[in-house]
Structures are given as C-alpha cells and as structure tokens.
Amino acid sequence: MAEFLPSMMCSDIGNLQTEIHSLEEAGADRFHLDVMDGVFVPNFALGVSDVAAVCRLAQIPSEVHLMIVHPENYIHLFASTGVQIIYFHPESTYHPTTVIAKIKNEGVEPGIVLSPGVSVESVSELLHIVKYVMVMGVNPGQAGQLYLPYVDRKIDKLSQMKDEFQIRIYMDGACSEERIRNNRKKYVDGYVLGTAALFNSNGTYQEKIGRLRIAAGDRE
C-alpha cells in the first residue's frame, strides 16, 4: 500500500492543530516537513519550532527534509524535535556518510534526497547505509513547479536496485493523481503531497486521499 505524506509547508500553518487532525482523519501516513535556509535553495520554509509543533501535536510520525547547507551541524537540533526520519541532500555537505552516521547516532532513520540533477550512480554507495530514498520530480525549494519527465528513468533505475539494497523509494514534487496512477505498477513506496494533489480546492482532504488510494491501486 502506498504511503501518502502531506507536505505541511503547503498547509494552513495558522490553523496547524486543525490541519493535523483533518489530515490524520483523512488517512495521511506521515507528515513531511520541509526546512529551507535560503542558501542551498533560494527560499525559506519551516523552522525548528514548526517541526517541533507538528511532532508534538501529531498522532502519526513525521519526517524532516533538510534543504540546507552543512546539515551535519543541525542533526541534533532536528532529531530532538521528535521526527522519525531526517532526509538531506548528499551534495549539500562534504561527507554525506558523516551526516548519515550522525542521524543514526541520534536514533533517527536517515534518508537521502536526489534532486533532478543528481544521478543514481553518484549516490549508489550510500544505498548500502540508508533505507529511505526520496526522488524529486522538480527542483527543490518551491511548490507548484512542473514535473520533469526525465526523472522517470531515475525511478526505474532505483526500482531495479530495490531488492539488492532493501531501500524504500518515495517521490516528492508534482505528485498529482495522474502521476500516482501512472506509477502504480512501479516500485514507489510513497508520495509527498503538495498543491498538485492535496492542498488545493478540489474537495476535502478525505475525498482527495481517497481518490489517491484508488489511483495507487490500494482501493477499488
């Protein structure tokens, strides 16, 4: 069954507790929390206090996606908020294996993120020591972008490596109902949901996640 991960950057932060409750009632599996520093990406998003607030209020797990330079300096800070998974971009640091070790030492699961310009081959050695791999279908740092079709080949490559490395594959960026339907026969384990599928005016959260479950083949 596919996992659906609402991107809380796109939610109504001013009504955070209501949003969390509504999304949990709708069947969300995990909250996805984007952190941006204005350096690694040209934008700012959630801060440490926002991440901690979601973890405190939520009944389901949360994960953080660090779009920041030198993430190794902030692992303890974000691990202490209560997240279960910390994702980072390997190209944002000199030694990705050090970041992975720091995350594991905090008792948190590490995950790596592949931006559109980062190849599977360039991170293949890291697949020995991480379980979670997030593939971005858009450039990191801004919601509402169009999907980059060549990313499909990256998903295909990772799918072929899934059994060997025992990884879980997730997609982030422009994850629409149509894209989820097209991927139903691939080995994608879950999707980050933003404005393309969830945070829009096309019905309630429960109705939209219900449609996505059908698109993913989890429900008739």
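Data block above holds the structure.
Residues numbered from 1 in each chain as written. Predicted model: local features only at pLDDT ≥ 70, side-chain atom pairs only at ≥ 80, totals over all residues. Heavy atoms only, no water.

## Remarks on the nonpolar core
Point 1. Counting residues in hydrophobic clusters, the biggest one holds 62 residues, and the most contacted among them are Phe4, Ile86, Ile112, Leu127, Leu158 and Tyr191.
Point 2. At five residues, the largest contribution of residues to this core is made by helix H5 (residues 151-165).
Point 3. With residues up to four places along the chain from it excluded, the contact list for Ile86 reads Val64, Leu66, Ile75, Phe78, Ala79, Ile103, Val108, Glu109, Pro110 and Gly111. (Core = buried A, V, L, I, M, F, W, Y, C linked by side-chain atoms within 4.5 Å. Buried < 20%, exposed > 50% of the residue type's maximum accessible area, 1.4 Å probe, protein only. Helix = DSSP H or I, 4+ residues; strand = E, 2+ residues; numbered from the N terminus. Contact = heavy atoms within 4.5 Å.)

## A few points about the pairing of strand E2 (residues 31-36)
Point 1. Burial runs high along E2: six of the six residues are buried.
Point 2. Here E2 shows two buried faces, one formed by Phe31, Leu33 and Val35 and the other by His32, Asp34 and Met36.
Point 3. Here E2 runs beside strand E3 (residues 62-67); their pairing, made up of six bridges, is parallel. In the sheet register, Phe31 faces E3, and the bridge partner there is Ser62.
Point 4. For the crossover that starts at E2, traverses helix H2 (residues 48-57) and ends in the parallel E3, the hand is right-handed. (Pairing = 2+ DSSP bridges. Right-handed = clockwise from strand over helix to strand, strands pointing away.)

## Here we look at the side chain of Lys208
Point 1. With respect to the helices and strands, Lys208 occurs in helix H7 (residues 205-215).
Point 2. Polar contacts involving the side chain of Lys208 include one to the main-chain carbonyl oxygen of Leu198, which spans 2.6 Å.
Point 3. Sequence-distant contacts of Lys208, defined by excluding residues within four places in its chain, comprise Ala197, Leu198, Asn200, Asn202 and Gly203. (Polar contact = N/O pair within 3.5 Å; in protein donor to acceptor, adjacent residues only side chain to side chain.)

## Some points on the pattern of salt bridges
Point 1. Under the definition given, this model contains 11 salt bridges.
Point 2. The partner of Glu63 in a salt bridge is Arg30, and the shortest N-O contact between them spans 2.6 Å. Taken together, the residues span a long stretch of sequence, with Glu63 in strand E3 and Arg30 in the loop between helix H1 (16-26) and E2 at a distance of 33 residues.
Point 3. You can call Glu63 buried: its relative accessible area is 0%.
Point 4. Its salt-bridge partner being Glu121, residue Lys157 comes within 3.1 Å of it at the nearest N-O pair. Separated by 36 residues along the polypeptide, Lys157 in helix H5 and Glu121 in the loop between strand E5 (109-114) and strand E6 (132-136) bring together distant segments of the chain.
Point 5. Residue Lys157 is classed as partly exposed on the basis of its relative accessible area of 37%.
Point 6. Glu121 gets classed as partly exposed once you look at its relative accessible area, which sits at 49%.
Point 7. Each of Glu3, Arg30, Glu63, Lys162, Arg168 and Asp189 takes part in a single network of salt bridges with overlapping partners. (Salt bridge = Lys/Arg side-chain N within 4 Å of Asp/Glu carboxyl O.)

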